[in-house]
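One letter stands for each residue in the lines below.
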Amino acid sequence: MKKTLLFVCSMLMCMSTQAADFETAKDAVKNMGVGWNLGNTLDAVNWEGKDGWNWSSVADHEKYWGQPITKPELMKMMKEAGFGAIRVPVTWFQEMDKKGKVNAEWMKRVHEVVDYVLDNGMYCILNVHHDTGADNTHWLVADDDVYNDSKDRFESLWIQIAHEFEDYDDHLIFEAYNEMLDKLNSWNYASFNTTDKYDAAIAESAYNAINKYAQSFVDAVRSTGGNNSFRNLVVNTYSAAAGGVWGTNTHPQDPLNEMKLPVDAAENHLIFQVHYYPGLKKNNLSTIKSEVTEKMANLKSILAAKGAPVIIGEWGTLDDDSNENYKNNKENYLDFCSHFVQEAKKNDIITFYWMGLSDGADREVPVFTQPDLAETIVKAYRGKDYQGKYPSAGEVAMTYVVTYTDEWGELFLYGDWNRNATKLSNYKGIRVEMEDDSYASKLQVKIYGAKNGTNSDGTDKFNEQCTPLATGTNVTTVDFDANVLGSTFWGITLQTQVGATTAKLKDAKLIKADGTEEPASIAVAWGCSLKKESSPTSIRSIQTATSKSDGAFYNLHGQRMQNPQKGIYIRNGKKYVMK
């Protein structure tokens, strides 16, 4: 009997020591600092396939939404910039068989990416992502009946994930689910999509289910033992909503009020998460900043008061998919972002930006797509004197290798499939520079102008201006033709005219109405893949013209700049930084 008691006491002491080695959730949130989302990568979904494995390889899955294969160098860049945590969204259902077993190759790849983060000394939050949401492929729904049907599969998934990482320390954190919605796919709060904008029975079922999923998650992970007995875990509110009050409608506050802290034998190892995308415009900065200040205080007084710290796992503004604020409202946007991070920190909340900063082929180099934004976010948290590294495409000599796989495949030089209209009068045209002059009969610049009726299948029809690449030169300048395009345009692509082929693009710049230039936004449109070849810039990468001692400014491709903006240039043979 004494031996048994001694053994039990020894085990309890061992568990107590192990728990003491794991930092609390509150300490973890403080130590994470400021974070970023590796979005549109491992979370990619083939919306047409709900069941089974729908990819020829895990690499195809990872690249399906236009992002390159993630490399450890990307995480090194984020660490050197000053980010302390990376949220890694992962969608699992299309890599699970009908019995719920995860594809071993997919689990291996997820494991590799997690290691990239941890090996660079950052925290990693690993989640279950588009298994929830508003699309017809989701299988996790905030509804009592659906919870009862999916409980076993959900817990099985988390047991598999937990076992895969059972020996990892407290720098790895698990997140139960992403933005889970009710059976009507209601955002903001449960039952919002009903005719009356609220249904008590649907709402009750949804909030009950959210709390049941959260409890199942905690129970499943803890059941695997070892380090998972004390690992910090994240649970989200309904739809990851951040709460609020709309006039006399108090239901947007329900996701915060109805969220419960799961029962957990490991005390102080749970974290609440919400997402928050305010509607910033050019004329409402002050209003939005006030809203942010109020929201942060609200999250602390309502959600954190339940007994767990809060993180904002995704944030930005409502139109961030098109980068509208960053492109056309930058001064206000940077001010907003700085205020957002600072107000969160004042309330002991940390933030994970979604998902720009480094996007598309820039991740492969890697460089920042939005270096000034990355710097703004980091300094808002760490202080204005913090010295991070923010490499940009302008500091790297790049070649974009485009492999066209389909007839008429297109590469975006401007815009995206959101088709947000831009005033044509703000621009004169676009200049495209290829590696050499061999593409004249192979490629054309295609500009999508103003809407002009509908096609036979009911889709929108747009004016189009198509210009083949110039002959005998590697540089083609296309002047916008208002008579063809109309008053607006939404996209510019580089399109193949010969089907499958490979081309090397050196640079593309939009020419603004005042003669200044704007970098293109090079990304996959359809029917092609994109890869970047790069090397650090130096004087050897500058064309002969840049060595002239004429006092003029030249960009890093040797092109003379009439009105240089903020960036790096060559003047009289020396590097010159325009601030």
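The structure contained in this document is the topic of the report that follows.

About the criteria used
Residues numbered from 1 in each chain as written. Predicted model: local features only at pLDDT ≥ 70, side-chain atom pairs only at ≥ 80, totals over all residues. Heavy atoms only, no water. 1 Å grid on protein atoms, 1.4 Å probe; cavity = no way out; pocket = protein on both sides within 12 Å on 5 of 7 lines; lining within 4 Å. Points joined across faces, edges and corners; volume = space filled by probe spheres on them. Helix = DSSP H or I, 4+ residues; strand = E, 2+ residues; numbered from the N terminus. Nonpolar A, V, L, I, M, F, W, Y, C, P; charged D, E, K, R; others polar. Salt bridge = Lys/Arg side-chain N within 4 Å of Asp/Glu carboxyl O. Buried < 20%, exposed > 50% of the residue type's maximum accessible area, 1.4 Å probe, protein only. Expected span 1.5 Å × (residues − 1). Contact = heavy atoms within 4.5 Å. Axes fitted to C-alpha atoms, helices over the stretch in contact; angles between N-to-C directions. Parallel < 35°, antiparallel > 145°, perpendicular 65-115°, else oblique. Left-handed = near helix turned anticlockwise from the far one by under 90°.

### Concerning the layout of surface pockets
Its volume calculated, the second largest pocket comes out at about 440 Å³. Around the second largest pocket sit 26 residues that line it, and Ala25, Lys26, Ala308, Pro309 and Asp348 are the ones nearest its centre. Looking at the lining of the second largest pocket, the element that brings in the most residues is helix 2 (residues 25-32), giving 5 residues. Class assignment for the residues of the lining of the second largest pocket results in 13 nonpolar, 5 polar and 8 charged.

### Some thoughts on the pattern of salt bridges
This structure, assessed with the given rule, holds 19 salt bridges. With a shortest N-O distance of 2.6 Å, Glu80 and Lys76 are connected by a salt bridge. With a gap of 4 residues between them, Glu80 and Lys76 both fall in helix 4 (residues 72-81), about one helical turn apart. Residue classification places Glu80 among the partly exposed positions, given a relative accessible area of 31%. In this structure, Arg222 engages Asp264 in a salt bridge whose closest nitrogen and oxygen atoms are separated by 2.9 Å. Separated by 42 residues along the polypeptide, Arg222 in helix 7 (residues 200-223) and Asp264 in the loop between helix 8 (254-258) and strand 6 (270-276) bring together distant segments of the chain. On the basis of relative accessible area, Arg222 is assigned to the buried category, the value being 14%.

### Let's talk about empty space enclosed by the protein
Throughout the structure, instances matching the rule amount to 1 cavity of 30 Å³ or more. Estimated volume of the largest cavity: approximately 30 Å³. Every residue lining the largest cavity is listed: Tyr207, Ile210, Asn211, Tyr238, Pro255, Glu258 and Met259. Looking at which element gives the most residues to the lining of the largest cavity, the answer is helix 7, with 3 residues. Considering only residue class, the lining of the largest cavity consists of 5 nonpolar, 1 polar and 1 charged.

### Focus: helix 12 (residues 371-382)
The terminal C-alpha atoms of helix 12 lie 16 Å apart, and with 12 residues this matches the ideal 16 Å at 1.5 Å per residue to within 8%. All buried positions along helix 12 are accounted for by Pro371, Asp372, Leu373, Ala374, Thr376, Ile377, Val378, Ala380 and Tyr381. On its buried side, helix 12 packs onto helix 2, helix 4, strand 7 (310-315), helix 10 (324-328), helix 11 (330-346) and strand 8 (350-353). Gly383 lies just past helix 12 and shows a positive phi near 110 degrees.

### Describing the packing of helix 11 against helix 12
Remark: helix 11 packs on helix 12, axes separated minimally by 8 Å, with the N-to-C direction vectors making an angle of 30 degrees. The angle between helix 11 and helix 12 falls in the class roughly parallel. Viewed along their axes, helix 11 and helix 12 form a crossing whose handedness is right-handed. Residues Lys330, Tyr333, Leu334, Cys337, Ser338, Val341, Gln342 and Lys345 of helix 11 form the contact with helix 12, whose participating residues are Asp372, Leu373, Thr376, Ile377, Ala380 and Tyr381. Here the residues of the contact of helix 11 with helix 12 are counted per class, giving 8 nonpolar, 3 polar and 3 charged.

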